[in-house]
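Here are the chains, one letter per residue:
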Amino acid sequence: MSLTYPEAIVVGLFQGVTELFPVSSLGHSVIIPALIGGRWARDLNVSAPESPYLAFIVGLHVATALALIVFFWRDWARIIGGFLTSVRDRSIRTPDQRLAWLLIIATVPVGVAGLLLEHTFRTVLGKPVPSALFLAANGGVLYAGELLRRRAAKRTDAATMGAPDEPSDVASDRRLAGLGWAESVLIGAAEILALLPGISRSGATMVAGLARGLSHQDAARFSFLLATPVILAAGVLKIPDLTGPLGAGIHGQVLAGSLVSGIGAYVAVRFLVRYFETRTLTPFAIYCAVAGLASAAYLGLT
């Protein structure tokens, strides 16, 4: 694989940021090299059957997942503690215990689908024009989520507010623990759509959460917590590829890309958690629709 440091840094930055923004990291990883053209389009081809570029960008997921763990470390300490005490006591009583199991069962659908469908979806659809069209469709999905949110039954004031002295993150996790088992599976299953280049993982799960009546803040938090083990597992599974022939001669570039990806992801999640306290998915829906259609038109003519 030929990968320059500028390519690694640019791809790492875009991957770290767009993995968490509801705009599809894989879609941007396919579309941007094609728009730049030349060597970038040749080097950065995700649709090859044994794609070293895919191994690189998925390997960057480890840095993204670590950024999420650092940001949500208090949540994960409570969740892991809840899981361990639940296993010890063979019961699910506390919100932390329930949230731990909700996250576990919600990751099953995308885990199974990823093993069965990832290769087919990537090689068949991981090309610039289809990715651009899926990015435009992602805009439609995000806007539909806003419409569904308006129609969904609102949580009661008592359910959406924490105790006066309860930290906002604890209150949010407690509300998420109130999700039903079927609801959490449906939200987790929405991650399967992200196997399509151009469809956002965080966007799809947020839309599913909004449709179930979650606030934007809670939907975003559940999306980020749900994505962490999936992103980490995907990255860890690709690391052996990067230590073998596919990663020959690019270890320095991988480290540079990972560093930039981790920093970008941390800044992105810090921004988005605050953003979704008061704002919506609509600006991202507009961006995806415009960028996707414009890219498809340009790439289709070149």
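Below or above, wherever it landed, is the structure these notes cover. (Residues numbered from 1 in each chain as written. Predicted model: local features only at pLDDT ≥ 70, side-chain atom pairs only at ≥ 80, totals over all residues. Heavy atoms only, no water.)

**Structural notes on the pattern of salt bridges**
Operational definition: Any Lys or Arg side-chain nitrogen located within 4 Å of an Asp or Glu carboxyl oxygen qualifies as a salt bridge. Helix and strand definitions here come from DSSP, where helices need a minimum of 4 consecutive H or I residues and strands a minimum of 2 consecutive E residues; each element is numbered from the N-terminal end. Relative accessibility under 20% of the residue-type maximum defines a buried residue, over 50% an exposed one, and the middle range a partly exposed one, all with a 1.4 Å probe and only protein chains included.
Considering all chains together, one arrives at nine salt bridges under this definition. The shortest N-O distance in the salt bridge between R221 and D75 comes to 2.7 Å. Of this pair, R221 sits in helix 14 (residues 216–243) while D75 sits in helix 6 (residues 73–89), placing them 146 residues apart in sequence. Overall, the relative accessible area of 9% leaves R221 in the buried class. For D75, a relative accessible area of 3% translates into the label buried. Of the charged contacts, one joins E183 and R212 as a salt bridge, the two residues approaching to 3.3 Å between their closest N and O atoms. Here E183 is found in helix 12 (residues 181–189), whereas its partner R212 is found in the loop between helix 13 (201–211) and helix 14, with 29 residues between them in sequence. What makes E183 buried here is its relative accessible area of 16%. Several salt bridges share partner residues, and in doing so they unite D75, R78, D169, D173 and R221 into one network.

**Some details on the packing of aromatic side chains**
Here is the rule we go by: Any Phe, Tyr or Trp ring, taking Trp's six-membered ring, that has another such ring centre within 6.5 Å forms a pair; planes under 30 degrees apart are called stacked, those over 60 apart edge-to-face, and the others tilted. For a ring to carry a charge above it, either NZ of a lysine or CZ of an arginine must fall within 6 Å of the ring centroid while also lying within 35 degrees of the normal to the ring plane.
Inspection of every chain in the model, using the stated rule, returns 10 aromatic pairs. Between F21 and F271 the ring centres are 5.9 Å apart and the planes differ by 5 degrees, which places this aromatic pair in the stacked class. Of this pair, F21 sits in the loop between helix 1 (5–18) and helix 2 (25–36) while F271 sits in helix 15 (residues 251–275), and the two are 250 residues apart along the sequence. The class of F21 is buried, set by a relative accessible area of 17%. Aromatic pair F71 and F72: ring centres 4.9 Å apart, planes at 85 degrees, arrangement edge-to-face. F72 gets classed as buried once you look at its relative accessible area, which sits at 1%. Linked through ring pairs, F21, F271, Y275, F276 and F284 together constitute an aromatic cluster. A cation sits over an aromatic face here: R98 above W181, 4.5 Å from the ring centre.

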